[in-house]
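Coordinate analysis (summary)
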Amino acid sequence: MPPNFRLMEEHTPTPQERVDRLIQEINRHNYQYYMLDNPTISDYDFDQLLQQLIDLEAAYPELRRPDSPTQRVGGEVTKHFESAAHLYPMQSLGNTYSAEDLTEFDRRVRELLATPPTYVCELKYDGVAISLIYENGTLVRAVTRGDGTRGDVVTANVRTIRTIPLKLQGDFPPLIEVRGEIIMPFSSFEQLNTEREEIGEAPFANPRNAASGSLKLQDSSEVAKRGLDFKLYFGLGEQLPANNHFDRLMKLHEWGFRKPDVMEKVADLQGVYDFLHTWDEKRKSLPYPIDGVVIKVNDFDQQRQVGATAKSPRWAIAYKFKADRVSTKLLSVDFQVGRTGIVTPVANLSPVSLAGTVVKRATLNNRDFMREMDIREGDSLFVEKGGEIIPKIVGVDLENRLPDAQRVPFVTHCPVCGTPLQQAEGEAGVFCPNADHCAPQIKGRLEHFIARKAMNIDSLGEGKIDMLYANGLVNNIADLYSLTYEQLLGLEKVIEDADGKTKTLSFREKTVQNILSGIETSKQVPFERVVFALGIRFVGEVTAKKLARHFETMDAIANAPKEELMTVEDVGERVADSIIDYFNNTENLEILMRLREAGLQFELDKSQNQPVSQALAGKSIVVSGVFSIPRDTIKELVEKHGGKNVSSISKNTSFVLAGEKMGPEKRKKAEALGIPIVSEEEFMNMIQA
Ligand code: IVH
């Protein structure tokens, strides 16, 4: 027998072994990347490994494990979050803003102890508290704080957070509860709000609200895109090693959690003060929000001796940073009109230095906010800059109010076009309904249309759009396609530089050619992006794609009844109404006609997504529950085999593809309508046939 033969035989792994090995390897790389910030392979190689695992799990669904890293991309949809009791109540912390209170805290602690305590100082993360339950090393449940006794089960969503291990490593005990904060880093927060503004959704006020809103999303694959992070601060359980808090967190780190970025043992109050002064300053350079520091007695015996009240432990206290706050004079209020017509009041302030920058303007949010604050002419306003980079108006400095000062009125008519404003139903904002003839709305729509994610006409930009509009050459998106070389050549704009000197810019030959060729090229932009580019309120990039794939032509979208629009995933009543409004507007219809004539893509290019088979041709399929592969991959398979994904069950549904934990409501409805329910395995057989 050749010497290698036996070896070869021994080393042909079974699918089970391959899955185990891949999981092990991917987990190791995840750990290097997310926990140690020290990746040892390229992103490309990593994606290859993950894809191998996805493919294997698809081929052998029975080998899928709840701790598989493929769970990170989400896919489970939770319609209603169940509630669960906490193993140990989730208490809160006593708060203080003053150094004296800390002295008092230290005095009380010392009074109750025979030997002086060591304190652990940590950051107070500004997010949402979460409890994570690990049974035999596997994350089985994630529960929000709720009322402290019971919270909401948000496990599928939490599994998408990469710094939360799905499986522990090492010598962990059978049952552990880990607590910490789910936070949204500033970078994710800004990206999310930009995207929301793009589709006319109200931005989140701060990263905490954004984190909390994200945790309650129904579709975990959406949560996966929100860039949430987890900060560890507590470990609980019967058989946990370590007799103090610091060592326990280190133990949790050994088992797979990220170490707290900052955690310091200090011997006395002076150490506590040093820590909090350092972090009051340094927090400005942290990539995520904190709103204070937490001071804990380190030793568990000492913690027990100090005890707890019904609400909070006596052995720990939160010191909250005072937000930097100044009072400054309100000079005037501007009213700005956005792309969707919403009018936002903005305060012009007497310039004032606040936490390192000069503040001259701050938003007054909307009409209701101005009323509630009771802002009057000549008032001085308190401006605050907390963890949230953007200065916020938090109140009126009444001591500086002038006698008989009158309320600052909110405009009743559009400050740009003069149209009477309207109140949007169920919203705090008022808007200018003159969408088709109000300059900022027209320019905003043009800017949205040419944006990279839309028609990607990068030879045009905000400045050039301004010029074209000011010269009466474009009033709507269709006008772009009628521009001629002669109209553009020599077009001029006078600009003022920093010294007040004026210069005249004019379009030269090269610029004009660029603009026209950019516009020409945009005619090849795929249908999905054309739908997005129209700027239909509430229809973002993802929804546009889903609409395009479902309906396949612009006419089909335009003529779809509300019920059919609502079968598309992500399209609820509000979005459906907005689409219908858009296509009921005669000016929009005229624009669409001209865009079609200009040669824009009004149909889905099926050659791009050529089905690999017609096994599901003509079938409308509802995919529900958890599968061995991400739900989005299942949906892609539906499309690749000629089927159509729909979100809700109706008499027109061909079958429901049910994974584990399919919602009972859906099952009931399918049964009532006599719609067949197909398992993942049966589905795989269908498409393989
Ligand atoms: S310890 C028994 N440590 O602040 C209380 N909490 O009111 C255990 N928080 O809801 C909490 N950072 O969500 C602790 N380093 C930290 C924290 C922290 C943020 C939150 C936590 C809790 C609230 C306290």
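Notes on the structure in this doc start here. (Residues numbered from 1 in each chain as written. Predicted model: local features only at pLDDT ≥ 70, side-chain atom pairs only at ≥ 80, totals over all residues. Heavy atoms only, no water.)

1. Here's the deal with the overall build of the protein
Note the cut-off: Only DSSP runs of H or I reaching four residues or more are called helices, and only runs of E reaching two or more are called strands; each is numbered from the N terminus. Relative accessible area decides the class of each residue, using a 1.4 Å probe on protein chains only: under 20% of the type maximum gives buried, over 50% gives exposed, and in between gives partly exposed. Contacts are assigned to residue pairs that have any heavy atoms within 4.5 Å of one another. Computed by Shrake-Rupley with a 1.4 Å probe, the accessible areas treat only the displayed protein chains as cover when residues are assessed.
Helix and strand content of the protein: 25 helices and 24 strands. Counting only C-alpha atoms and orienting by the principal axes, one finds that the protein spans roughly 90 × 85 × 55 Å. Out of the 689 residues in the protein, the part that is buried amounts to 48%. Within the protein, counting contacts between residues at least 6 apart in sequence, those at least 24 apart form 68% of the total. Just so you have it, the protein exposes about 34000 Å², and 49% of that area is on carbon and sulfur atoms.

2. Observations regarding the sheet that holds strand 24 (residues 677-679)
Sheet strands pair by backbone hydrogen bonding; their relative direction is either parallel or antiparallel. Going by this rule: Paired strands, as defined in this entry, are two strands with at least two bridges between them according to DSSP.
Across the sheet, which stays open at both edges, the four strands sit in the order 22-21-23-24 with parallel pairing between neighbours. Two strands close off the open sheet at either side, each with one partner strand: strand 22 (644-645) and strand 24. Two elements, strand 21 (residues 620-624) and strand 22, share two bridges in a ladder whose sense is parallel. When the bridges of strand 22 are listed, isoleucine 621 appears paired with asparagine 645.

3. Describing the site of the ligand
The following threshold applies: Neighbouring residues are identified by heavy atoms, a residue being near a molecule or strand if any of them is within 4 Å of it.
Neighbouring the ligand are 13 residues; Leu93, Glu122, Leu123, Glu181 and Tyr233 lie closest to it. For the ligand, the protein covers 90% of the area, taking 520 Å² as the surface of the free molecule. For the shell around the ligand, the secondary structure elements donating two or more residues are strand 3 (119-125) and strand 10 (290-297). Here the element with the most residues in the shell around the ligand is strand 3; it accounts for four residues.

4. Digging into the nonpolar core
Inclusion rule: By nonpolar core we mean a set of buried residues, namely Ala, Val, Leu, Ile, Met, Phe, Trp, Tyr and Cys, connected to one another through side-chain atoms within 4.5 Å.
Membership of the largest hydrophobic core comes to 57 residues, with the highest contact counts inside it found for Phe449, Leu468 and Leu480. Residue assignment for this core shows that the elements contributing at least two residues are helix 13 (439-450), helix 14 (462-470), helix 16 (509-521), helix 17 (527-533), helix 18 (541-551), helix 19 (554-559), helix 21 (573-584) and helix 22 (586-598). Sequence-distant contacts of phenylalanine 449, defined by excluding residues within four places in its chain, comprise Ala454, Met455, Asn456, Ile457, Ile477, Leu480, Tyr481, Ala533 and Leu600. Of all hydrophobic cores here, the second largest spans 35 residues; its members include Leu139, Ala142, Leu168 and Ala210.

5. A closer look at the sheet that holds strand 2 (residues 94-96)
Rules: All axes here are fitted lines through C-alpha atoms, helices being fitted over the stretch that makes contact, and every angle between N-to-C directions spans 0 to 180 degrees.
Taken together, the five strands give an open sheet; going across it, the order is 2-11-10-3-9, and neighbouring strands pair in mixed fashion. Looking at strand neighbours, the two that pair on one side only are strand 2 and strand 9 (263-266), the edges of this open sheet. Averaged over all pairs of adjacent strands, the angle between their axes in this sheet comes to 30°, without regard to strand direction. Here three bridges tie strand 2 to strand 11 (residues 316-320), and the two strands are oriented parallel to one another. Bridge pairing links threonine 96 to tyrosine 319 in strand 11.

6. A word on the side chain of threonine 70
Operational definition: Whenever a nitrogen or oxygen atom comes within 3.5 Å of another N or O atom, the pair is scored as a polar contact, on the condition that within protein one atom can donate a hydrogen and the other can accept it, and that pairs from neighbouring residues in sequence are kept only if both atoms are in side chains.
Along the polypeptide, threonine 70 turns up in the loop between helix 3 (43-59) and strand 1 (83-85). For threonine 70, a relative accessible area of 3% corresponds to the buried category. Looking at threonine 70, its side chain comes within polar contact range of the side chain of glutamate 57, at 2.8 Å. Reaching out from threonine 70, the side chain makes a polar contact with the side chain of serine 68 at a distance of 2.8 Å. The contact partners of threonine 70, leaving out residues within four places of it in the chain, are Leu50, Leu53, Ile54, Glu57, Ser628 and Pro630.

7. Brief notes about the side chain of asparagine 434
Mapped onto the elements, asparagine 434 comes out in the loop between strand 18 (430-431) and helix 13. Using a relative accessible area of 18% as the deciding quantity, one classes asparagine 434 as buried. Side-chain polar atoms of asparagine 434 contact the side chain of threonine 419, separated by 3.4 Å. Ignoring anything within four residues of it in the chain, the contact list for asparagine 434 reads Cys417, Thr419 and Gln441.

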